[in-house]
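What follows is each chain in one-letter form.
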Amino acid sequence: MNFVQELTWRGMIHDIMPGTEEQLQKEMTSAYVGIDPTADSLHIGHLVSVMMLKHFQLAGHKPIALVGGATGMIGDPSGKSAERNLLDEKTLRHNEDCIKKQLAKFLDFDSDAANAAELVNNYDWMKEFSFLEFIRDIGKHITVNYMMAKDSVKKRLSDESKVGLSFTEFTYQLVQGTDFLHLYREKNCKLQMGGSDQWGNITTGTELVRRKESGEAFALTCPLITKADGGKFGKTESGNVWLDPKLTTPYKFYQFWLNVSDADAEKYIKIFTLLNKDEVAALVKEQEAAPHERPLQKRLAREVTCMVHSEEEYDKAVEASQILFGKATTESLARLDKETFLSVFEGVPTFDVARNKIDNGVPVVELLAAETAAFPSKGELRRTIKGNGLSLNKAKVTDQEYLVTANDLINGSYILVQKGKKNYYIIEAV
């Protein structure tokens, strides 16, 4: 597979240094991507560069994922309006371990292949570097004029920026350049990849390799992912969409991809899946013929959810998605774990009822019209039952004397009350 051609049709190349494609065709090459370890999980904003590494390995080359333990202690000014919090080593090491587990779903770290992936942490080689050594061995090779010309620096020094730029952040590109120099020397790494906002930092590295080693190194960046409506990719009202199921449930993760616009779905399916050109073209045709069926979004959501979580979690997410649209049974509700249940019914009015009342058995009329405010009166509730309009846990209630007990609790905690077709309430036993 020609890596550059593959990324080109997928819309994943923003800038590429001349000679990069020729280098990749000449020999198996090592390339690295830097990953910020400020959290113990990746989010979908990281997925673009992770997919670049995945394609790189599939093309027969060697991917290196660099966890920025040292750079995470400084903070990159690129695209940022303010300086970030600095992390201690214990936190960084924990985050590194968690990130490697997630990356292992995309990259082959464990095989004996010559192009098996590697994970490195720049803290390991930067921690012993004294300040005097740094300014002597690195600083003297890059002029201030060169550093000031970078867009990331210019923006923070412009009249629009109210916070300025600390010396710590100003040196960031030298630290990142040192990473490239180190990996060039130690791992024969000749290419760095990243988002388009990293171009200035990456080319500082290629310049250091040229000046210190008389070597040739290369740079390739992908566009920053945007949404068709101009909103920020990967952000929802509740914040980042994380890869860790404890931070973003597989159901919510699946829903994020399922709900992207048609224009975004066509773009994202090329970037975030391994589907080939013909498969994508066929899906685009299907979408044009029947946009209401949303084949692009469905396939995108399936591919990414299976890759990040598993096919089993994908199946659960699909089943959970159908619950709100009436295609559910008491059994399918019972199969939902607590997190997914709460994700599906996020925002639904919830009432707390003492567990001992439910354990002892409480008449349905008492529970819904007296213990909670799900119904304004017992009379209205009785009329709803008579008209076949009340369900508990997706099962119709036809008996006005029905006794609600602990057997009705989903996951030992919840009862889903449905009034008519669209009104839901949750009762939680506390």
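The model shown is predicted, which means the values in this text are computed figures rather than measured ones.

Concerning the overall build of the protein
- Tallying secondary structure elements over the protein gives 21 helices and 15 strands in all.
- Dimensions of the protein, computed from the C-alpha atoms along their principal axes, are close to 85 × 50 × 45 Å.
- By the burial criterion, 51% of the 430 residues in the protein qualify as buried.
- Summarising the internal contacts of the protein: among those between residues at least 6 apart in sequence, 71% fall at separations of at least 24.
- For the protein, the accessible area works out to roughly 20500 Å², and carbon and sulfur atoms hold 49% of it.

Side note on the sheet that holds strand E6 (residues 218-222)
- With mixed pairing, the 6 strands of this open sheet are ordered in space as E1-E6-E5-E2-E3-E4. The open sheet terminates on both sides in strands that have one partner only, identified here as strand E1 (15-16) and strand E4 (118-121).
- In terms of strand pairing, strand E3 (residues 62-67) meets E4 through 4 bridges, oriented parallel. Residue pairing for E4: Val67 is matched across the bridge by Asn121.
- Where helix H4 (residues 89-103) meets the sheet, it contacts strand E2 (30-35), E3 and E4, and its direction lies at approximately 165 degrees from that of E4.
- Set on the sheet, helix H11 (residues 199-213) makes contact with E1, strand E5 (189-195) and E6; between it and E6 the angle comes to about 170 degrees.

Describing helix H15 (residues 295-308)
- Look at H15: 20 Å from first C-alpha to last across 14 residues, which is about the 20 Å you get at 1.5 Å a residue.
- Of the positions making up H15, those classed as buried are Pro295, Leu296, Gln297, Leu300, Ala301, Val304, Thr305, Met307 and Val308.
- Where H15 is buried, its residues contact helix H3 (47-58), helix H12 (250-258), helix H13 (262-272), helix H14 (277-289) and helix H16 (311-323).

Side note on the sheet that holds strand E14 (residues 414-419)
- If you walk across this open sheet you meet the 5 strands as E9-E15-E14-E11-E12, and the pairing is mixed. Strands with a single pairing partner mark the edges of an open sheet, and in this sheet they are strand E9 (350-353) and strand E12 (395-396).
- The pairing of strand E11 (residues 390-392) with E14 spans 3 bridges and is classified as antiparallel. Residue pairing across strands places Leu392 opposite Val417, the latter belonging to E14.
- Most of the contacts of helix H20 (residues 364-371) go to E11, to which it runs at about 100 degrees, and overall it touches E9, E11, E14 and strand E15 (423-429).

Quick notes on the domain arrangement of the protein
- Under the domain assignment used here, the protein contains domain 1 (3-222), domain 2 (235-326) and domain 3 (345-429).
- Between the C-alpha centres of domain 1 and domain 3 there is a distance of 55 Å.

As for the UniProt feature "binding site: L-tyrosine" (unreviewed entry) in the protein
- Under the local residue numbering, the UniProt record ascribes the feature "binding site: L-tyrosine" (unreviewed entry) to Tyr32, Tyr172 and Gln176.
- Within the secondary structure layout, Tyr32 lies in strand E2.
- Tyr32 gets classed as buried once you look at its relative accessible area, which sits at 1%.
- When near neighbours in sequence (up to four residues on either side) are disregarded, Tyr32 contacts Ile64, Leu66, Gln176, Asp179, Phe180, Leu183, Cys189, Leu191, Gln192 and Met193.
- Take Gln176: it is sitting in helix H10 (residues 172-187).
- Gln176 sits in the buried class, given a relative accessible area of 6%.

A look at the pairing of E3
- The buried fraction of E3 amounts to 6 of the 6 residues, a majority that puts the element mostly inside the structure.
- Where burial is concerned, the two faces of E3 agree: the one with Lys62, Ile64 and Leu66 and the one with Pro63, Ala65 and Val67 are both buried.
- Two elements, E2 and E3, share 6 bridges in a ladder whose sense is parallel. Opposite Tyr32, over in E3, you have Ile64 as the bridge partner.
- Assessed by its sense of winding, the connection that carries the chain from E2 through H3 to E3 is right-handed.

Overview of unusual backbone geometry
- With a phi close to 50 degrees, Ser214 is a non-glycine residue in the positive phi region.
- Relative to the assigned elements, Ser214 resides in the loop between H11 and E6.
- Phi angles above zero are rare outside glycine, and Lys394 is one such case at about 70 degrees.
- Secondary-structure assignment places Lys394 in the loop between E11 and E12.
- For Lys394, a relative accessible area of 15% translates into the label buried.

Criteria and thresholds
Residues numbered from 1 in each chain as written. Predicted model: local features only at pLDDT ≥ 70, side-chain atom pairs only at ≥ 80, totals over all residues. Heavy atoms only, no water. Helix = DSSP H or I, 4+ residues; strand = E, 2+ residues; numbered from the N terminus. Buried < 20%, exposed > 50% of the residue type's maximum accessible area, 1.4 Å probe, protein only. Contact = heavy atoms within 4.5 Å. Areas by Shrake-Rupley, 256 points an atom, 1.4 Å probe, with all protein chains shown as cover. Pairing = 2+ DSSP bridges. Axes fitted to C-alpha atoms, helices over the stretch in contact; angles between N-to-C directions. Expected span 1.5 Å × (residues − 1). Domains from an automatic or database assignment. UniProt positions renumbered as here; feature names shortened; annotations may be inferred. Right-handed = clockwise from strand over helix to strand, strands pointing away.

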